[in-house]
Amino acid sequence: MLHTLIIGMGRSGIGLHWPVLHRLKSDPLHRSLFSPEPPLGWDVRGDAAAVPPGVKVIRVLEHAPDLIDPACTVVHVCTPPQQRVDTVRRLAELGFRRLLIEKPLAGDAAAAQTIAELRTTLGLEIIVVAPWLDSELTRRARDLIESGRLGELRTMSFAQRKPRFQRTLRSTENLTVFDVEPPHSVGVALSLAGDAEVAAASWSDMRVDQSVVPTMGAGRLTLRHAAARTRIFSNLTALVRERRLTLQFTGGRFVGHYPASENDPFACTVISTPAGVAENHFVDDSLTEFILRVYRRFAEKDETDRDFALNLRVVRLLDDAKAICRGSGLGGPPNGLPTLKGGPSNA
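Residues numbered from 1 in each chain as written. Predicted model: local features only at pLDDT ≥ 70, side-chain atom pairs only at ≥ 80, totals over all residues. Heavy atoms only, no water.

A closer look at the overall build of the protein chain
Step number 1: Summing up its helical and strand segments, the protein chain has 9 helices and 16 strands in all.
Step number 2: A globule of 347 residues ought to have a C-alpha radius of gyration of about 20 Å, and the protein chain, at 20 Å, matches this closely.
Step number 3: Overall size of the protein chain, expressed as C-alpha extent along the three principal axes, is 60 × 45 × 45 Å.
Step number 4: Across the 347 residues that make up the protein chain, the buried fraction comes to 53%.
Step number 5: Taking as baseline every contact in the protein chain between residues at least 6 positions apart, the subset at least 24 positions apart corresponds to 71%.
Step number 6: Of the roughly 15,600 Å² of accessible surface on the protein chain, a fraction of 49% belongs to carbon and sulfur atoms. (Helix = DSSP H or I, 4+ residues; strand = E, 2+ residues; numbered from the N terminus. Rg over C-alpha atoms; globule rule 2.2 N^0.38 Å. Buried < 20%, exposed > 50% of the residue type's maximum accessible area, 1.4 Å probe, protein only. Contact = heavy atoms within 4.5 Å. Areas by Shrake-Rupley, 256 points an atom, 1.4 Å probe, with all protein chains shown as cover.)

In structure tokens:
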């Protein structure tokens, strides 16, 4: 049985991770994975953090090893990206080795490289939260590409729209639009079409009355793969929610709608060919499936490095996109930060 420690009791830790954990701990099929003791929660904000029923809050992180065995604990690291290196180092010093880190892995490529080095030197098991890689919709898109049923893949596009006004206006995290939704879509793009390089990027500010939040309006990103291109559009000032993937093949088109929120985990695909149109709706609770897979992997002590390199590459590409938007050009891959097999495409 594995204990749980949640670091960061905001939207990700308490709004997303904890409800999934609570359901899994209550499910007779899966609860043998989880310790019956309540999860521990710690937040740098201390008393300012909301405390949901069923979570035991500790005020001093260093007290955690006195309450749970670090060797049998999964730590959900849900702090802002800019705090990740310090958080990972601090947890390692306390003896925790199994870390589930919210996307993106870090705020920039240099910090991601540092985490990769800590992972190697300290023997950490790190998994980045990337539920779209476990999504049923993504699996169906991958199967369609690999089958060749619609011909060759030519273009891939993502539309990610949602209103994020309140959190953005209250936040002091110094995020950009590329830190919020694009980590999902960039990871899927790499998994479906192979490695890529950034061909173009732009962003805009969020403007509400007289308030302006730089770089947190809308973002556009184009990736160049060996045989296809990916275009990503993310808008945090949209008043409607949408998470759409479109694949254009030489012989047809695939449109997939990921669940718009955790409250209704259903997806939809529409496949168009000269022979007609087929539409299908299905359950796609990818975060639950992802967290369940992570706990099973940790329980079985499976050290397979399935997606770590891909998530490192996501940070590198997003870093390049930010550099283009700031007018500073692209940086070379830092030492120790691997790319996917084959390296970036020059197509």
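Description of the side chain of Thr230
Step number 1: Turning to its location among the elements, Thr230 is positioned in strand β12 (residues 229-235).
Step number 2: A relative accessible area of 0% means that Thr230 is categorised as buried.
Step number 3: At 2.8 Å, the side chain of Thr230 and the side chain of His225 are in polar contact.
Step number 4: Discounting residues that sit within four places of it in the chain, Thr230 has contacts with Met156, Phe158, Ala189, Leu221, Thr222, Leu223 and His225. (Polar contact = N/O pair within 3.5 Å; in protein donor to acceptor, adjacent residues only side chain to side chain.)

Details of the environment of Thr237
Step number 1: Along the chain, Thr237 turns up in strand β13 (residues 237-249).
Step number 2: Assessed through its relative accessible area of 28%, Thr237 is described here as partly exposed.
Step number 3: Placed 126 residues apart in sequence, Thr237 and Ala111 show a C-alpha to C-alpha distance of 28 Å.
Step number 4: Once you skip the residues sitting within four places of it in the chain, Thr237 turns out to touch Lys162, Phe165, Met206 and Gly217.

Some points on the pairing of strand β15 (residues 266-273)
Step number 1: Sheet analysis places strand β14 (residues 252-257) next to β15, joined by 5 bridges and oriented antiparallel. Residue pairing across strands places Phe254 opposite Ile271, the latter belonging to β15.
Step number 2: Where β15 meets strand β16 (residues 276-283), 8 bridges bridge the pair, whose relative direction is antiparallel. Considered in β16, the bridge of Phe266 is made with Val283.
Step number 3: With antiparallel pairing between neighbouring strands as the criterion, β15 and β16 make up a hairpin whose turn holds 2 residues. (Pairing = 2+ DSSP bridges.)

Examining the pattern of salt bridges
Step number 1: Following the criterion strictly, the structure yields 21 salt bridges and no others.
Step number 2: With its nearest N and O atoms 3.1 Å apart, the salt bridge here joins Glu262 to Arg11. Remark: Arg11 occurs in helix α1 (residues 11-26) and Glu262 occurs in the loop between β14 and β15; sequence separation between them is 251 residues.
Step number 3: Relative accessible area serves as the criterion here: at 40%, Glu262 is assigned to the partly exposed category.
Step number 4: Given a relative accessible area of 35%, Arg11 falls into the partly exposed group.
Step number 5: Across the pair Asp179 and Lys322 runs a salt bridge, and its minimum N-O distance is 2.7 Å. In this pair, Asp179 sits in the loop between α6 (165-170) and α7 (182-193) while Lys322 sits in helix α9 (residues 308-326), placing the two residues 143 residues apart along the sequence. Each of the two residues, Asp179 as well as Lys322, counts as buried.
Step number 6: Here the salt bridges share partners, and the residues they tie into one network are Glu136, Arg139, Arg140 and Asp143. (Salt bridge = Lys/Arg side-chain N within 4 Å of Asp/Glu carboxyl O.)

Description of the sheet that holds β12
Step number 1: Judged by pairing direction, the sheet is mixed, and its 8 strands sit side by side in the order β8-β11-β12-β7-β13-β14-β15-β16 without closing on themselves. Each edge of the sheet is formed by a strand with only one pairing partner; in this case those strands are β8 (196-203) and β16. Each adjacent strand pair in this sheet contributes to an overall mean axis angle of 15°, direction not counted.
Step number 2: In this fold helix α5 (residues 136-147) packs onto β7 (153-163), β13, β14, β15 and β16, with an angle of close to 25° to the strand it touches most, β13.
Step number 3: Against the sheet, α7 engages β7, β8, β11 (218-225), β12 and β13, with an angle of about 165° to β7. (Axes fitted to C-alpha atoms, helices over the stretch in contact; angles between N-to-C directions.)

Here's the deal with the sheet that holds strand β6 (residues 125-128)
Step number 1: Judged by pairing direction, the sheet is parallel, and its 6 strands sit side by side in the order β3-β2-β1-β4-β5-β6 without closing on themselves. The sheet is open, and its two edges are formed by β3 (56-57) and β6, each paired on a single side.
Step number 2: Of the pairings in the sheet, the one linking strand β4 (residues 73-77) to strand β5 (residues 98-101) comprises 4 bridges and is parallel in character. Its bridge partner lying in β5, His76 is registered against Leu100.

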